Amino acid sequence: MSLSIAIHGKSFSADNRPLMEKLWQVLCEKPCEIVLSAYFKNHLKEHGFAVDNLASYEEKSGTPDHVQMAWSIGGDGTLLETLTHIGAKELPILGINTGRLGFLATLSPQEVGAAVDQLMAVNYRIEDRTLVSVQSEIDLFDGKQFGLNEVGIMKTDTSSMIVIKAYVDGNYLNTYWADGLIVSTATGSTGYSLSVGGPLVMPSSDILIIAPMSPHNLNVRPLVVSSDAKLKFEVTSRSQNFLISIDSRSRVIDSKFTIEVQKAPFTAKIVKIPGDDFLQTLRNKLNWGLDVRN
């Protein structure tokens, strides 16, 4: 069985070249059709990899329709980039981690050979992950208004808070005086949401988390709502603008615009090889259980 794979990767240094060479050798030995993102193909060529004969795709146009799976080589941020290439196609995506341990890209380069064999044998599972989408009166992110982790609404300066009036399904929730607000998916609960005091959530949970950043009122706490909820935010700031972000992308917009956040109409499909367990990653990443009593 042959597998057609679209691969996107991050830039790597000369120090990481031996690791990439081993990874690339494994891939070339397997019966796979490889299609590279234009960025990653150019970067591989710069490092002397023989990839001229491989097809490529432009990131703006997205992954080709015929590929069966997408691979991300890098860290969690690279996987989030790869997801923007996939969009609503809902291709299964496998994250190969070449840096520090991530929550999304959890497969090590040393495990790739065995992982490809598992993929060929269809011995894997796919986790459907909720995506969050953001809308406004203007096109915020060139038609790619979705993210896997979170939407952030933040101040643009260092001097003053912003005021965010929040609504859930048309009902007034609260007015947040804070540095910002994060609307996180369950997957994103281990990201920025966690750093501002949000709860850890199993990634398959169908929820959204509303978490304020440095709120002026200390009795304001993160709130978990159904992913079917429709959220609306009106922002007031002294600078007359604010920062809107979705995963690793961001831009400054005028405070006259409102922000609407809800679940995206499609999901991210994350490939999980046997042995890849979220709870194990949680323990490894957060050092849970490192106690002399254990």
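See the structure above.
Since the structure is predicted, the reported quantities are computational estimates derived from the model, not experimental observations.

Undergrad: Before we go on, may I ask you to explain the overall build of the chain in this structure?
TA: Along the chain, the regular secondary structure elements total six helices and 17 strands. Here the chain has a C-alpha radius of gyration of 20 Å; the compact-globule value for 294 residues is 19 Å, and the two agree. When the backbone C-alpha atoms are referred to their principal axes, the chain occupies close to 60 × 50 × 35 Å. Taken over 294 residues, the chain has a buried fraction of 52%.

Undergrad: Hey, could you run me through the packing of aromatic side chains in this one?
TA: Overall, the coordinates contain five aromatic pairs when judged by the stated rule. For the ring pair Trp24 and Phe49, a centre distance of 6.4 Å and an interplane angle of 85 degrees mean the geometry is edge-to-face. With Trp24 in helix α1 (residues 17–29) and Phe49 in the loop between α2 (38–46) and β3 (55–57), this residue pair connects regions lying 25 residues apart in the sequence. Relative accessible area serves as the criterion here: at 8%, Trp24 is assigned to the buried category. Measuring from ring centre to ring centre gives 5.9 Å for Tyr167 and Tyr172, while their planes differ by 65 degrees; the resulting arrangement is edge-to-face.

Undergrad: Would you take a moment to explain the environment of Ser11 for this structure?
TA: If you trace the backbone, Ser11 turns up in the loop between β1 (3–9) and α1. As for Ser11 and His43, which are separated by 32 residues in sequence, their C-alpha atoms are 6.5 Å apart.

Definitions and limits used
Residues numbered from 1 in each chain as written. Predicted model: local features only at pLDDT ≥ 70, side-chain atom pairs only at ≥ 80, totals over all residues. Heavy atoms only, no water. Helix = DSSP H or I, 4+ residues; strand = E, 2+ residues; numbered from the N terminus. Rg over C-alpha atoms; globule rule 2.2 N^0.38 Å. Buried < 20%, exposed > 50% of the residue type's maximum accessible area, 1.4 Å probe, protein only. Phe/Tyr/Trp six-rings, centres within 6.5 Å; stacked < 30°, edge-to-face > 60°.

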